[in-house]
Each structure stands twice: as C-alpha cells, then as structure tokens.
Amino acid sequence: MTAGSDSVLELLPMVFAAPNEALARAELVLDADPPPLHASVAHQVIGIWQRDFGDMRIALRHLWRARDLAARAQTPDREADVLATLGVALVHAGRTRQGLSAFERGVARGSGHTRARVLYRRAYVWWVLGHHREALEDVRRAIPVLRQADDVIWTARALTLRATVHLALGAVDRADADFTSAERLWDTTGQEHDKADAVESRGLTAFRSGDIPAALRLLDEAEERYAKLGTPTFMLYIRRCEVLMAAGLAPEALAEADAAIGVLDEIGGQSTRKAELLLAAARAARSAGDPHTAIARAAVAVRLFAGQRRTWWETHARLVLIEARVAAGRSSGRLVADAAAVAERLASFGSPSAPEASLLAGRIALSLGWTADAERHLAVAARSRRGGPPLARMTGWAAQALRARAAGSGRGVLEACRRGLDVLDDHRMTLGASELRARATAQGAELAALAQQASLAQGGPRRLLVWSERWRATVLSAPPTRPPADPALLSGLTAFREIAARAEAARMDGRPVPALEREQRRLEREVRSRTHHTHGDAPGYGDRFDPGRLLDRLGDGRLVELAVLDGRVHVLLCGQGRVRRFDGGALAEAVAEAEHVQAGLRRLAHPGAEGRLPLVEAAGRRLEELLLGGAVPHLGSGPVVVVPPGALHRVPWALLPSLRDRVLSVSPSASSWLRARETEPPPGGAHVLVRGPGLATGGAEVPELADRYGTARVLEYDDAQVPRVLEELDGAALAHIAAHGTFRADSPLFSSLRMADGPLIVHDFERLDRSPYRIILSSCDTARLASVGADELLGLVTALLPLGTAGVVASSAPVNDAAVVPLMLALHKGLDAGLSLAEALRDARFALPGDAVHQATGWAFAAFGAA
C-alpha cells in the first residue's frame, strides 16, 4: 500500500479523534476522483459520521457505496470492515435482519485482525438488540486477537463494550474493572471522542454503584467534551435521564428526553436511539406523575422495539407501559398476567428490573383481591431486598411490606417499612445537595404510607406520630454539604447575580430582555448542576424522633401535627404528657380553601378591599373545621406549634379563630421544632440590619431599629451587596432583612431577596457556616415553599433551619409595604423586652390598627421554629 493509501486509511480512526476534520478530509478525497480503495474509505468515513452524528439516510447511501467500491477493489478485509460498519447502521435504522445479514457476510469475508474488529462491532449490535450473552461471546472472541495485534484503540473499545454489557446484567464490579482497563488504554491515544465516551461510561458505573453525585458530575464532563468536538451523542441523554430520575428529578428527565427526541427527528438520526429515548421519556413521565404521557411514549417505544427485533428493550418498555396504565387507574386480571409475563421474561434476560415487574404483578393482584397470586409474585419481588443497589432493595422491602399487610401482620408491615426506609436514608445521605435529598424521598412515599396506615389500624396515636415524623421534613435533619471554596460554583453564583440584576433593571426600564433571560437560565442550570455534584458527608441520618422528649419540652404548650392518610387529615394533638388523635377533613378541600384565603390576603394588601375581610375570616373558620376538627377544645391556653403537611404550608394559621390570639409558631416537623428549641444562641452574636433597594417605604423600619439597637451593623444602599451581607449574617444573633422577596415555584432554591448587586438566593444562604440564630424577613412571599418528594419543603425558611437558625419570621403572601413597618417595629419592641419571636409577633398583631390592610398583614406573617 502506498503512502497515499496510508494517509487515507488514517481517516477511519480520526472519525472518533477529530470527527469534523475527518469528515472534511474525506469529502476532499472524493473531490479528487480517487481509486476505488480510497473512495471506499472516504465514503465509509462520511457514513460513520452521518450514522453517529447526523442523518441516517445519508449514512446508508454512503455505506452502500463504500461496500460496492470495496468489492470492486477486490480487498476482502476492506469489504468486511465496511460490511460491519453498514451492519451497525442498518440495525440503528431499525432494519435488524439486513444488519445481521451484513455481519454474517463480514465475518465470512474478514480474516484475523479484521475479523476481530467485525466481531467487536457485531457484539455492539447484540448489545443494542439486548442479546447480552451473544454480545459477550463475540467480544470474548475479539479481545485476544486485538490485544495480540497491539490494536490499542479497538481493544479499548471492546473492553468498554464488555463493561457496558456487564452493567446491563447488573455485574457492576466486572464492569468497573473493564472500564478502568479501557481508560488506561485511552490515555495513550488521541481518540478524543472515545475518551469522552470513557468518561460517560464511568458516569454510568458510578450510577450503578449508587453514587448519583459522581454520576451527574461525570456525565456533565462528558457532555462538555462532546460539545468541544461538535459531536452530539444521544446515548448520553438516555443515561442522564436515568440518573436524573434516580435523583428525583423526573420532570427534568422528561424535558431532556423530549428535547433529544426533537433533535434526533430534526436530523433524521438513529431509529434505535429514538426508541430508547421514548422509553426514557415514558419512565420519566411515570415518575413525574403523568401516566397518560407515559402511556403514549411507552406505546410508541414498544412498537419501535418490536419492529427492530429488540426483545430485551421491548420487554422493558412493556413494563413501563403496564406501570403507567396502573397509575392511570386501570386494574384487571389481564394486567396481572401481562406483568407476570414481563417479570418472567426479564428474569430470563437477567435484568435487574425483574423484581420491579413482580412487585407490579403482586400489587395489581392485591387490588383485585387475588391474595394467592399476589403472594406468589410478591415473594419473588421480595428476594431483591437482600442485595443490590438501594432502589432494588427498596423494591424488595416494599414487596415484603405488602406481603405482611395481606397476611394481616401489622408488625411485619412496620418492620419491612423501617428496613426499606433505612436503605433510602443511607442513599439520601450520599447526596450533598438539599434539593436532591428532598426529592429522593419520593421513592419512599409508598413505604411511609403503608407504615402510617398500619399504625392507624393498630389504633395508637403515638405510633402514628412516630411514623408521620419518620418521613417528614427529613431534609432538615442535616445541613447541605458545601464543597470547600468551590471556585466554579462561586464564579457561577456571581455571574448569575450580575445577569439577573441587569435583566431586572432592563425590565424596570421597559426594555425587552430575551438575551439576558436566556443567559440567566443558562447560569441557573450551571449553578444547580454544580450543587448536584456534591457528595453528602453527614454521618448517619440523625437521632430518631422521641415522642417522650417532645412532650417534656412542650411544657404547658401543645403541638398539633397534621398527618394525611388516604386523602384525609388526621390531627395528632401532643401535650399534657400524651398524644391524642382527632379526625380532620378532606385534604383537597383544605388545600382549595387555603388558596381562597391566599387570594383574599393578596387583595387585602391593597386599600379599598375591605369588603373582602368577612369572606377571608369565614374561610378561616372553614379551615379550622377541616384542619383542627375536634382538637380545638383541647388546645389549652398555652403556646401552640402547628406542624402541617407540605400541601398546607401556605395556610395563614393566625387567621384560624382558635389560634388568632395565641402564641403560635409553625414548624416543618416536630423533630425540627425540637432541634430549634434546643439550639443555643451564638455567644456574642451581632445584630444585623439589611435594607435592600426599591422598597415602597424605603425600608422605613431599619433606621428606627438602628437607633433601638445602637450597636447593630447596618447594611444599606451600596453596602447591601450579597458578599458583604453574607459575611455579616454568618453567626449573627439576630438579622432583620427588609427587601423585595421573590418566590420561584419552578426552582425554589433560586427564590431570592433583592440586594444592591442583585438577588440573594437560597444557594447563597446554604454557604453560611452558621445562619443567624433569629432572622426576620420583612418581605413578601419569603415563607412560601415548594412541596417536593414525599413531604419535603424547599425555600428560604427551610434553607435556614438546618444551618443554625432557631427562629424565622416570614410572610406567606404579598403584603402592604406601609403596613409592614408598624408590625416590624412592634415585633422588635417585644424582642427587646425578652419575648420569643412567636410571643412578640402575637403582641405585634394586637398593636396594629384595626383596619383590614393591617389585619391582613399581621395574618400573613408567621413565626417558624422555636426561638
């Protein structure tokens, strides 16, 4: 072969080292009217590029042409190599029979080293089709020959493929060993695309090992590498969707899958990848509580996989389709049989999803009253509780809990739920980001509900309280883990703040800001992504809740915890040394009534809406009937702590008639109230007063408070910039922040207070070593929280409580700026006299004028915690 031939053949490895350069050089070769051998290589290079990064129809045209030219050149190994590339493309196009036929001819035409490369690519196709044993056999035959030929690139590819097949079969240790060996080989080459694929593969291994932060970090790194090469890879999107779902970010996974499907359709890309993306979208929609979208996506995926002869994949898609139909309310003997058949087939494949299908069959059978069938399927699913990744073990414990319930063993239900939730606790604490910890709790919702139902059936209010606490506001049990001085995160936060401030200024000037808003969203994604990479470092998952300790700490007060079972509110009244249960109303009715109250408070924030006041007060009376029921006469005369479920966090509790004149505080859980109660104020902590820009009153209470406290540190005008504010807040005894507040329902950790240099967001607060012991947020909407996971809340208040704050005063609704000033001054007067936040807020409401605007302002604010 001539030197010119060598130069042309170098284009093939270049496709995965510098893809776009290889494409350009191949097109130049064809422009020069080359001989058949060279033309065959050039067409093959263009075909590979189009197959993996572009239009499949164009790819197939070039690869058929490459095969014809190789045959004309009468070089059997060249023809075998092209046939293997063509076989991969045909399978990805959904033409499975033609693709496998091309491989048969390629194996027959090739010899030695070339045949090993053909076998590797057929092994890859077997993996795509879900034929894992055949894939392992072909790669077993290929690797020794590739090693003997000292073919570093193809040996590394073969090891990567073998590792990927091991992962599909649940053999994580074998996969990790092969990925490690492959990565050492990649380090000796210039194959940049293959190196990016190796990083992506390590992300997949981390995920299968249960390390979600590492998986997200590695997949993000792989995406950056692919972006530099200009080579989109749809397998990365599929894998990231899987990790996002495991992290509790199902809506994000669905959006990513649907966006990738759109791009794939636009470029005419691989049919196989489209089917896999549809399956990922179906799984995400099911997890996001959208069964109808899940059914639509899964049904198309099933049809595509069947047409592609991909039985392994088709069976997994059928599992999601059945799960979505059950979630949509369907239940029948046919579904039991379908789920059982899917479970049997998945088990024959060695799929880790087999227990999930058996659990599904058992659950449907139970709903039909088929106890014998249910026991058979649940017993199979329960075996997975003994080993494997966390979510597989939780599947096993859920099956065991359902078996115990069917057998009438309340003790067995509680033990299985305890063991399953312990597994999830351990998993959650590997996550450093509070958002991921909160969202991960959704995976334990069924176990928590089963335990609460068993507790209620056994008639013990104290036990029901324990289980209500077992899975309520667990994210507050430990502060989020902050990477030490992460420069990329700090840089991202600063850039986000600058862009957000510029966008806000442009909006206030009436100028369009689409470019700034796009950049703001990009920076938000970057900041959020960086926080998700953080590993948890909290030891264990905190002390178990002790009802006796709670009752001792309450003294003559009462704590009212609202538990929700099967859509009904159960009132657990703690005090006088015991726990009593009372029936409340329907949760849906209470939520609707709370929304009416919020709408009324928004109107009352403006003068002239006095006529709404009787309607708001009447709604408060209805809320009391729904939420406190028969507990009202037993509230005593002392302080009351209310612990609502996440769905009711916006109730203005001071509006309820029986609570209006009381010392009243709110807490996300009884456990977090206990921690706040036992938190000591910092010795020598300062008083910090912050005044943000743009307030209608100019933050009029701040100068008066500065005179009251004398030595307080006052930050206003240009001094009220985020870095300086955070510096002063860290370890303060009392902080008062008068600033515009913005709640972000779409991304609660970007809820903010407006400072002179831009927004102070929840992510900023999470970087404090210790947040202020007491903090007063004289702003609208600062007590608004997003309900996520099983019963978790994310927002400004919940960000502060794990970081050392024992008490917060904040508003759950828009308020009248002018009416806030006298409320705040009266509140601080009480604090100066030695009262707690709850006591001072109660007295401050009494001190306000009696008009509707001031009354509504007082009701909108609540005291959280116990300081």
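Residues numbered from 1 in each chain as written. Predicted model: local features only at pLDDT ≥ 70, side-chain atom pairs only at ≥ 80, totals over all residues. Heavy atoms only, no water.

Participant: Please explain the side chain of Thr-164 as it appears in this structure.
Facilitator: With respect to the helices and strands, Thr-164 occurs in helix H10 (residues 152-168). A polar contact is formed between the side chain of Thr-164 and the backbone oxygen of Thr-160, at a distance of 2.8 Å. Not counting residues within four places of it along the chain, the set of residues in contact with Thr-164 comprises Trp-127, Phe-179 and Arg-239. (Helix = DSSP H or I, 4+ residues; strand = E, 2+ residues; numbered from the N terminus. Polar contact = N/O pair within 3.5 Å; in protein donor to acceptor, adjacent residues only side chain to side chain. Contact = heavy atoms within 4.5 Å.)

Participant: Looking at this model, I keep getting lost on the nonpolar core. Mind explaining?
Facilitator: Where a protein is soluble and globular, its nonpolar side chains tend to be buried together. In terms of nonpolar packing, the biggest core is built from 134 residues, with Trp-127, Ile-212 and Cys-417 touching the most fellow members. For this core, the leading source of residues is helix H8 (residues 112-129), giving 11 residues. In this structure Trp-127 touches His-132, Ala-135, Leu-161, Thr-164, Val-165, Ala-168, Met-235, Arg-239, Arg-273 and Trp-313, once residues within four positions along its chain are discounted. Ranked by size, the runner-up nonpolar core spans 107 residues in total, among them Ala-590, Ala-799, Val-820 and Ala-856. (Core = buried A, V, L, I, M, F, W, Y, C linked by side-chain atoms within 4.5 Å. Buried < 20%, exposed > 50% of the residue type's maximum accessible area, 1.4 Å probe, protein only.)

Participant: Just checking my understanding: could you explain the pattern of salt bridges for this structure?
Facilitator: Here the idea is simple: oppositely charged side chains can pair when their charged atoms come close. Considering all chains together, one arrives at 62 salt bridges under this definition. With its nearest N and O atoms 3.1 Å apart, the salt bridge here joins Arg-157 to Asp-194. Placement of the pair is Arg-157 in helix H10 and Asp-194 in helix H12 (residues 192-208), with a sequence separation of 37 residues. The exposure class of Arg-157 is buried, given its relative accessible area of 10%. We note a salt bridge from Glu-561 to Arg-472, for which the minimum N-O separation is 3.1 Å. In this pair, Glu-561 sits in strand S1 (residues 558-565) while Arg-472 sits in the loop between helix H26 (461-470) and helix H27 (487-508), placing the two residues 89 residues apart along the sequence. Looking at Glu-561, the relative accessible area reads 0%, which means it is buried. Given the relative accessible area of 5%, Arg-472 is considered buried. (Salt bridge = Lys/Arg side-chain N within 4 Å of Asp/Glu carboxyl O.)

Participant: Can you walk me through the pairing of strand S15 (residues 807-811) in this structure?
Facilitator: Put simply, side chains in a regular strand alternate between the two faces of the sheet. Across the 5 residues of S15, 5 count as buried, placing the element largely inside the fold. Relative to S15, strand S12 (residues 774-778) is paired through 3 bridges, and the arrangement is parallel. When the sheet's bridge partners are listed, Ile-776 is paired in S15 with Val-809. As paired elements, S15 and strand S16 (residues 861-865) share 5 bridges and run antiparallel to each other. Along S16, the bridge assignment pairs Ala-810 with Ala-862. (Pairing = 2+ DSSP bridges.)

Read these as spatial facts, not as claims about activity.
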